[in-house]
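Survey of secondary and tertiary structure
Spelled out from the first residue to the last, the chains are:
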Amino acid sequence: MYSVKLSDIIIKMKLTNLTPEVDISSYEISQSDVNRPALQLAGFYDYFDADRAQIIGKVEYTFIENMAPYQKLETFERLFGSKIPCLILARSLEPDEDMIAIAERHGVPLLQTKLSTSYFLSELTRYLKVELAPSISIHGVLVDVYGEGILIKGESGIGKSEAALELIKRGHRLVADDVVEIKKVSDDTLLGTSPDIIRHFIEVRGIGIVDCKTLFGVESVKESQTIDLIINLTEWDRQKEYDRLGLEEEYDEILGNKVVSHTIPIRPGRNLAIIVESAAINHRQKKMGYNAAVELNNRVTGNLLRRSQERDEENDKP
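Rules of the game
Residues numbered from 1 in each chain as written. Predicted model: local features only at pLDDT ≥ 70, side-chain atom pairs only at ≥ 80, totals over all residues. Heavy atoms only, no water. Helix = DSSP H or I, 4+ residues; strand = E, 2+ residues; numbered from the N terminus. Buried < 20%, exposed > 50% of the residue type's maximum accessible area, 1.4 Å probe, protein only. Contact = heavy atoms within 4.5 Å. Phe/Tyr/Trp six-rings, centres within 6.5 Å; stacked < 30°, edge-to-face > 60°. Salt bridge = Lys/Arg side-chain N within 4 Å of Asp/Glu carboxyl O. 1 Å grid on protein atoms, 1.4 Å probe; cavity = no way out; pocket = protein on both sides within 12 Å on 5 of 7 lines; lining within 4 Å. Points joined across faces, edges and corners; volume = space filled by probe spheres on them. Nonpolar A, V, L, I, M, F, W, Y, C, P; charged D, E, K, R; others polar. Core = buried A, V, L, I, M, F, W, Y, C linked by side-chain atoms within 4.5 Å. Patch = residues over 30% accessible without salt bridge, like charges linked within 9 Å, V, L, I, M, F, W, Y side chains within 5 Å. Areas by Shrake-Rupley, 256 points an atom, 1.4 Å probe, with all protein chains shown as cover. Expected span 1.5 Å × (residues − 1). Arc of directions from axis to C-beta. Pairing = 2+ DSSP bridges.

Here Ile 136 is to be found in strand S8 (residues 135–145). What makes Ile 136 partly exposed here is its relative accessible area of 36%. Residues contacting Ile 136, with those up to four places away along its chain left out, are Val 180, Glu 181, Ile 182, Ile 254 and Leu 255.

Okay, structure coming up:
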């Protein structure tokens, strides 16, 4: 089970802590969904998920303000007594003294944001979905080439880092070298990043460690990138048949998501950087609806069909 520290959420979302007496050092949130407790304020607690972050907007706040004093106390007691991880007031809404007192007594952090309710809810949900997404670490190099996230895989020493270094020299950006941390943000999206300790560094055999950010500038690195294409580097094998047309897509599966992949055989004289650039452009072109392999196949098929028709017409002549 993945979780996010509440203290990290406060910093990331720029929240104000209205209950500093409550020790939040051990508080964590493990649910990516959030809740606006409208029905709960009316007393309906069936199917209430108390593990979610709770957000009160203008509607809920006005409903509370119209309650009788004893109803407010009962509502606060039941809501905070449910052991919710936190209660966030949007639009800089100010809680009354009873809400603060009961929240502190139950040890529930009371937070505040100046953002509108809907906008804050969507931002918090997006942040939690990324942070709580299933993740895995794999050996490889992740680079941003023409806006496409290219994950380069292969055995150690085959040339992944050297290819990345050449791509950086050609104006592309490094995301991760050696270890790539991948999160499944959705069924269609994989987000890759680098561990903090080795971020922006490349290991080049014979040279050592290279700091790309310092050496090539901040434009040569990127914090994270979606993974759009996988390139598997393999040693050249004369006995093996390699795909030369690309009519059928190959896929690698990561965390249940299928990603288009190419297997590139390595032999002396091949320029890996140009090959990776071409693969990125070709993949982008396919996403825009044009497939060069299909176009060539259609041309060849059409030409063969036309010649066959011409021969049939010649044979039909008396």
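Our next topic: the packing of aromatic side chains. This structure, assessed with the given rule, holds two aromatic pairs. Between the aromatic rings of Tyr 45 and Phe 48, the centroid separation amounts to 5.3 Å while the plane-to-plane angle is 90°, which identifies the pairing as edge-to-face. You can call Phe 48 buried: its relative accessible area is 16%. When the ring of Phe 76 is compared with that of Phe 80, the centres are 6.3 Å apart and the planes differ by 40°; the resulting orientation is tilted. Taken together, the residues span about one helical turn, with Phe 76 and Phe 80 both in helix H4 (residues 69–81) at a distance of four residues. Here Phe 76 matches Phe 80 in class, with each residue buried.

Moving on, we come to the pattern of salt bridges. If you walk through the whole model with that rule in mind, you get 20 salt bridges. Arg 126 is the salt-bridge partner of Glu 123, the closest N and O atoms lying 3.2 Å from each other. Of the two residues, Glu 123 and Arg 126 both sit in helix H6 (residues 117–131), three residues apart, roughly one turn of that helix. For Arg 126, a relative accessible area of 48% puts it in the partly exposed group. Among the salt bridges present, the one from Asp 196 reaches Arg 199, with a minimum N-O distance of 3.0 Å. With a relative accessible area of 63%, Asp 196 lands in the exposed category. On the accessibility criterion, Arg 199 (19% relative accessible area) is buried. The network of salt bridges with common partners includes Asp 33, Asp 49, Arg 52 and Lys 129.

Our focus in this paragraph is empty space enclosed by the protein. Following the criterion strictly, the structure yields one cavity of 30 Å³ or more and no others. Roughly 40 Å³ of volume is contained in the largest cavity. Forming the walls of the largest cavity are Tyr 61, Ile 64, Glu 65, Phe 76, Glu 94, Pro 95, Asp 96 and Met 99. When residues of the lining of the largest cavity are assigned to their parent elements, the largest contribution, three residues, is made by helix H3 (residues 58–65). Considered class by class, the residues forming the lining of the largest cavity number five nonpolar, no polar and three charged.

Grouped together as the largest cluster of nonpolar side chains are 29 residues, with contacts concentrated most on Val 143, Ile 150, Ile 152, Ile 202, Ile 231 and Leu 233. Listing elements by their share of this core, those giving two or more residues are S8, strand S9 (148–154), helix H7 (160–169), strand S12 (201–204), strand S15 (229–235), strand S17 (257–266) and helix H9 (272–287). Among the elements that line this core, the one with the most residues is H9, at six residues. Residues within four places of Ile 150 in sequence aside, it is in contact with Val 141, Leu 142, Val 143, Val 145, Leu 229, Ile 231, Val 276 and Ala 280. In this structure, Tyr 45, Ile 84, Leu 87 and Ala 103 belong to the second largest nonpolar core, which totals 21 residues.

Now for a nonpolar patch on the surface. A contiguous nonpolar patch, built from Leu 245, Leu 247, Val 294, Leu 296, Val 300 and Leu 304 and spanning about 520 Å² of accessible area, is present on the exposed surface. Along the polypeptide, Leu 247 turns up in the loop between S15 and strand S16 (250–254). Looking at Leu 247, the relative accessible area reads 37%, which means it is partly exposed.

Our next topic: H4. Taking 1.5 Å per residue, 13 residues should reach 18 Å; H4 reaches 18 Å between its end C-alpha atoms and fits that length. Buried within H4 are the following residues: Lys 72, Thr 75, Phe 76, Leu 79 and Phe 80. Looking straight down H4, one finds that the buried residues subtend no more than 110° of arc, so they occupy a single side. Facing away from the buried side of H4 by more than 90 degrees, the exposed set consists of Tyr 70 and Glu 74. Looking at the buried residues of H4, the elements they touch are helix H2 (38–41), H3, strand S6 (87–89), helix H5 (97–106) and strand S7 (110–112). In the stretch just after H4, Lys 83 is the one whose phi turns positive, near 60°.

The end-to-end C-alpha separation of H6 is 21 Å, in line with the 21 Å expected for 15 residues at 1.5 Å each. Along H6, the residues that are buried comprise Thr 117, Phe 120, Leu 124, Thr 125, Tyr 127, Leu 128 and Val 130.

Here the focus is the side chain of Asn 232. Mapped onto the elements of the fold, Asn 232 is located in strand S15. When sequence neighbours within four positions are dropped, the list of residues in contact with Asn 232 reads Lys 153, Asp 252, Ser 261, His 262, Thr 263 and Ile 264.

Next up on the list: the sheet that holds strand S4 (residues 34–35). Strand pairing in a sheet relies on backbone hydrogen bonds, with the paired strands running either antiparallel or parallel. An order of S2-S7-S6-S5-S4 is seen for the five strands of this open sheet, with the pairing classed as mixed. Where the open sheet ends on each side, the last strands, each with one partner, are strand S2 (16–17) and S4. Looking at chain direction, S6 and S7 are connected through three bridges and run parallel. Bridge pairing links Leu 87 to Leu 110 in S7.

Function cannot be read off these values alone, since they describe shape.
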